[in-house]
Amino acid sequence: MSARGGRIVLGALAALTAGAGGAAAEGPEKWLRQGRKAVENAQALRPTAARAKNAIIFVGDGMDLATVTAARILEGQFQGRKGEENLLAFEEFPYVALAKTYNTNQQVPDSAGTITAILSGAKTRAGVIGLDETVERGDARGAAGHELRNLFQEAEQRGLATGVVTTTSVTHATPAAAYAHSPERNWENDSNLSPAARAANFPDIARQLVEWRYGDGLDVILGGGRCHFLPTTTADPEYPDATGQRGDGRNLITEWQKRHPKGRSIWNRAEFDAVDPAKTRNLLGLFETSHMQFDLDRSKDNAGEPSLTEMTEKAIAILARNPKGYVLLVEGGRIDHAHHLGNAHRALVGTIAMSDAVRTAREKTSEKDTLIVVTADHGHVLSISGYPTRGNPILGKVLENDERGEPSTEFARDLNGLPYTTLGYQNGPGARKARPDLSAVDTTEPEFRQESLIPLPHETHSGEDVPVYADGPGGNLFHGVQEQSYLYHAIVEALGWYKPDE
Ligand SMILES: [Zn+2]
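Just so it is clear, the model here is predicted, and its values are computed rather than measured.

> Quick one: what's the story with the confidence of the model for the chain, residue by residue and with numbers?
On average, residues of the chain score 94 in pLDDT, and 95% of them reach the 70 mark or higher. Counting interchain partners and residues more than four positions distant, the pLDDT-below-50 stretch residues 1-24 has 36 contacts.

Structure below.
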């Protein structure tokens, strides 16, 4: 039985237990049967012998285990079930590992250092993209000669197609690590460069994207961040009162179009829908002046934006036309931003959107030739706590069980007699001098900001390990507790690229 066969059986069981509110089919029989079936699936699991032709790397920015668990419950509850029994799409993958996320100079990491580890195979300093750990953050002169090779350069050199899809600016840390080498993640356009970097004519990240010299360049680039590509003298197409941020007068979108005369550059939903993958080889889609909308808010966007799922599907359709295969990075980038705001609702909806994109990617590819890896770059300080009863709304206040183990009729109270939520943050903007009375507050509504303990303007990352889920050829390499830089080496091995003499 293949890994996929195992997943279908598990999925069918989940559906069986899920029907009619879920509770009816649960009972001792279910756990015993499901447990035995899972053992049989585990015994039948065989690594795919073939090399991977394609690799898709999904990064849920900040999508740690607490976020995955809470999102899994929320998705189940959106479907009218209790929720805890639900599985997100990538949680049905057969192989799982844990990755240690620290940067070479930081116990709790940032996204630049962690994504460099994932895509280049070597950990580096926080804030640094695609350069080794000997380069100090912000040292433009020290960067030369310390560039780390990455998956995307190697894919282009081997003639594969490459793509980057994100909900953030395409110049933000995670997508930037696919093509840029910068000692400072914030140098997204030339106006952000330090005086020393500008004096040295060090290329900003948007410029590095357009001037990237490997193969025929990135084939598909979808996300936000027009302001980093347009000059201050050019009005934004969607927000006429806004302009680009480039101080050097360059219009990098026009420059990209010149470099790819047959490529298409687009900025809104209608243009995206009109792109025919069979007739498109190069696609640059920048759908917002800065980051794209949160998944929860996307439908309200004026010009319209494609979803992460739609962008992923379009990217695969274009890249898959290359007979040599492709490497694609897909980032659910705003899970992290919602967490930084102390807004669990948007973070969880973003995680469900990532799951949808992974499901579509698996459906549109074959597990026989396409490795899919799903991970996070780092965690956040979200916790799932209290002793809420089974099926309690995950965004709600804690309703405990009574002494018989049945749901109480009243919310649990802290030592001062106030109710509290299941989800909370260790730090961030949700901290108050004294705990608020949430009795009359709907904590499940989107704008609610979970409470936090330590008052900080932004909630922070966490230093805990993150999960790695894998499926397809080479998926079996993703096991055990690994340094995050291991992911690159496992992907290279799965693609059959490793040569000992290189
Ligand atoms: Zn972050």
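Still to come is the rest of the account.
> Give me the pairing of strand 8 (residues 370-375): which residues, what numbers.
Within strand 8, six of the six residues are buried, which leaves it mostly tucked inside the rest of the structure. Burial of strand 8 is two-sided: the residues Thr370, Ile372 and Val374 facing one way and the residues Leu371, Val373 and Thr375 facing the other way are all buried. Bridging between strand 1 (residues 54-60) and strand 8 involves six bridges; their strand directions are parallel. Paired with asparagine 54 across the bridge in strand 8 is threonine 370. Where strand 8 and strand 14 (residues 466-471) come together, four bridges link them in antiparallel fashion. Counterpart to valine 374 in the pairing with strand 14 is tyrosine 469.

> Any chance you could break down the domain arrangement of the chain for me, citing the residues and the numbers?
One can read the domain layout of the chain as domain 1 (54-381 + 460-494) and domain 2 (385-458). Taking only C-alpha atoms into account, the centre of domain 1 sits 33 Å from that of domain 2. Those elements that place two or more of their residues in the side of domain 1 that touches domain 2 are helix 3 (65-78) and helix 13 (344-364). Its residues assigned to classes, the side of domain 1 that touches domain 2 comprises seven nonpolar, seven polar and three charged.

> Hey, could you go over the packing of helix 11 (residues 308-319) against helix 13 for me, with residue numbers and the actual values?
Where helix 11 meets helix 13, the closest approach of the two axes is 8 Å, and the angle between their N-to-C directions is 25°. With respect to their mutual orientation, helix 11 and helix 13 come out roughly parallel. Here the hand of the crossing between helix 11 and helix 13 comes out right-handed. Within the contact between the two elements, helix 11 uses Leu308, Thr309, Thr312, Glu313 and Ile316 and helix 13 uses Ala353, Met354, Asp356, Ala357, Thr360, Ala361 and Lys364. Tallied by class, the residues present in the contact of helix 11 with helix 13 amount to six nonpolar, three polar and three charged.

> Would you mind going over the environment of serine 191 in detail, with residue names and values included?
Within the secondary structure layout, serine 191 lies in the loop between helix 6 (173-176) and helix 7 (195-199). The class of serine 191 is partly exposed, set by 17 C-beta atoms lying within 10 Å. Along the sequence, serine 191 and threonine 232 sit 41 residues apart, while their C-alpha atoms lie 9.8 Å from each other. With residues up to four places along the chain from it excluded, the contact list for serine 191 reads Gln245, Arg246 and Gly247.

> Talk me through the sheet that holds strand 11 (residues 423-428); I want residue IDs and the actual numbers.
Spatially, 10-11-12 is the arrangement adopted by the three strands of the open sheet, whose pairing is mixed. Pairing within the sheet leaves two strands with one partner each, and these edge strands are strand 10 (382-384) and strand 12 (452-455). Put simply, the sheet's adjacent strands are angled 20° from each other on average, direction ignored. In the sheet, strand 10 pairs with strand 11 via three bridges, with the strands oriented antiparallel. Paired with leucine 382 across the strands is tyrosine 425, a residue of strand 11.

Calculation rules
- Residues numbered from 1 in each chain as written.
- Predicted model: local features only at pLDDT ≥ 70, side-chain atom pairs only at ≥ 80, totals over all residues.
- pLDDT = per-residue confidence, 0-100.
- Contact = placed C-beta atoms within 7 Å.
- Buried ≥ 20, exposed ≤ 12 C-beta atoms within 10 Å, placed from the backbone.
- Helix = DSSP H or I, 4+ residues; strand = E, 2+ residues; numbered from the N terminus.
- Pairing = 2+ DSSP bridges.
- Domains from an automatic or database assignment.
- Nonpolar A, V, L, I, M, F, W, Y, C, P; charged D, E, K, R; others polar.
- Axes fitted to C-alpha atoms, helices over the stretch in contact; angles between N-to-C directions.
- Parallel < 35°, antiparallel > 145°, perpendicular 65-115°, else oblique.
- Left-handed = near helix turned anticlockwise from the far one by under 90°.

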